[in-house]
Amino acid sequence: MDTLHIAVDARGVAHLTMTRPEVFNAFNEAMIGEMAQAMGRLTADPKVRVIVLAGAGKAFSAGADIQWMKRAAAASHEDNLADARRFAEMLAAIGECPKPVLARVQGLALGGGVGLVAACDIAVAAEDAKFAVSEARFGILPAVIGPYVINAVGPRQARRLALTASRIAADVALQMGLVHEVVANDQLDVALERWIHELLQNGPQAQGEIKQLFAQLEVGPVTAEVRELTAQTIARVRMGDEAREGFAAFTAKRPAAWIPGDKA
């Protein structure tokens, strides 16, 4: 691939790195296509357990490549719509991946770069990271990334970010819920390893079921339909091989009278 590098280690941790550091990993048509293709491959590979999305160089991603945006401005409505749909499909490939996807964020995450962060399940940022939903500065709006940003930080904070287009520091992004942890620059990979270790302790099928179920749940009343969905899901998953193996392994390590919270 011309714009991405993929490496999968023996544990099944895939590192998917954007490799356009000369433009701060801004993405264009080529990167969007390669990202969607790469996510498809990693999702389908049974050996892959966790995916880490990163950017080479000083920045995570500066969002849309300005040259790509200029080409889009001169294109027809039909071409623009097809282009936007490809971008939406790429974000969906990240957001709907049944495997945990982590964002490793350093430097800048602007515009669509914030969308990438928001589409990931877990985001860890270096303390020097800066974020901005910057589309309004160019006379456009964060349309395709909007649902992911709203899901990450809530409607009111998302409006703040989009309307002002101002940059926020990593600690503010943490308070908003855009990222889950902020660490010193030289501790970024150490922190990521800690998250990866925790993720690898759990059943991969269970994690996929969690992502699928939670995607169907919204903040609000727990209706009869929601209760039925959750009951049907746990009843089905409890009967699976992974659950049987997990229960067997757990009880083998604990005495019969073990109580949650007991140190025995």
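Structure's up top.
The text that follows walks through the structure, step by step, so that each part is easy to find. Owing to the predicted nature of the structure, the values given are computational and were not obtained by experimental measurement. (Residues numbered from 1 in each chain as written. Predicted model: local features only at pLDDT ≥ 70, side-chain atom pairs only at ≥ 80, totals over all residues. Heavy atoms only, no water.)

**As for unusual backbone geometry**
So, step 1. The phi dihedral of Phe24 is positive, around 55°, even though this residue is not glycine.
So, step 2. Mapped onto the secondary structure, Phe24 falls in the loop between β2 (13-18) and α1 (29-44).
So, step 3. For Phe24, a relative accessible area of 41% gives the class partly exposed.
So, step 4. Positioned with a positive phi, Ala165 is a non-glycine residue whose angle comes to about 55°.
So, step 5. Examined against the element boundaries, Ala165 turns out to sit in the loop between α6 (155-164) and β8 (168-169). (Helix = DSSP H or I, 4+ residues; strand = E, 2+ residues; numbered from the N terminus. Buried < 20%, exposed > 50% of the residue type's maximum accessible area, 1.4 Å probe, protein only.)

**What about a nonpolar patch on the surface?**
So, step 1. Together, Ile66, Phe138 and Ile140 give the surface a local cluster of nonpolar side chains, amounting to about 300 Å² of exposed area.
So, step 2. Secondary-structure assignment places Ile66 in helix α2 (residues 66-73).
So, step 3. For Ile66, a relative accessible area of 42% translates into the label partly exposed. (Patch = residues over 30% accessible without salt bridge, like charges linked within 9 Å, V, L, I, M, F, W, Y side chains within 5 Å. Areas by Shrake-Rupley, 256 points an atom, 1.4 Å probe, with all protein chains shown as cover. Salt bridge = Lys/Arg side-chain N within 4 Å of Asp/Glu carboxyl O.)

**Quick notes on the pairing of strand β1 (residues 4-8)**
So, step 1. For β1 and β2, the ladder comprises 5 bridges, and the chain directions are antiparallel. Note that in β2 the partner of Leu4 across the bridge is Met18.
So, step 2. Turn length for the β1-β2 hairpin, with the two strands adjacent in sequence and antiparallel, is 4 residues, and the turn residue Gly12 shows positive phi of about 95°. (Pairing = 2+ DSSP bridges.)

**With respect to the packing of α1 against helix α3 (residues 77-95)**
So, step 1. Put simply, α1 and α3 touch, their axes get as near as 9 Å, and they point 35° apart. Crossing geometry of α1 relative to α3 is assigned as left-handed. Between α1 and α3, the residues in contact are Glu29, Ile32, Met35, Ala36 and Met39 and Asp83, Arg86, Phe87, Met90, Ala93 and Ile94, respectively.
So, step 2. Of the residues belonging to the contact of α1 with α3, the class tally is 8 nonpolar, no polar and 3 charged. (Axes fitted to C-alpha atoms, helices over the stretch in contact; angles between N-to-C directions. Left-handed = near helix turned anticlockwise from the far one by under 90°. Contact = heavy atoms within 4.5 Å. Nonpolar A, V, L, I, M, F, W, Y, C, P; charged D, E, K, R; others polar.)

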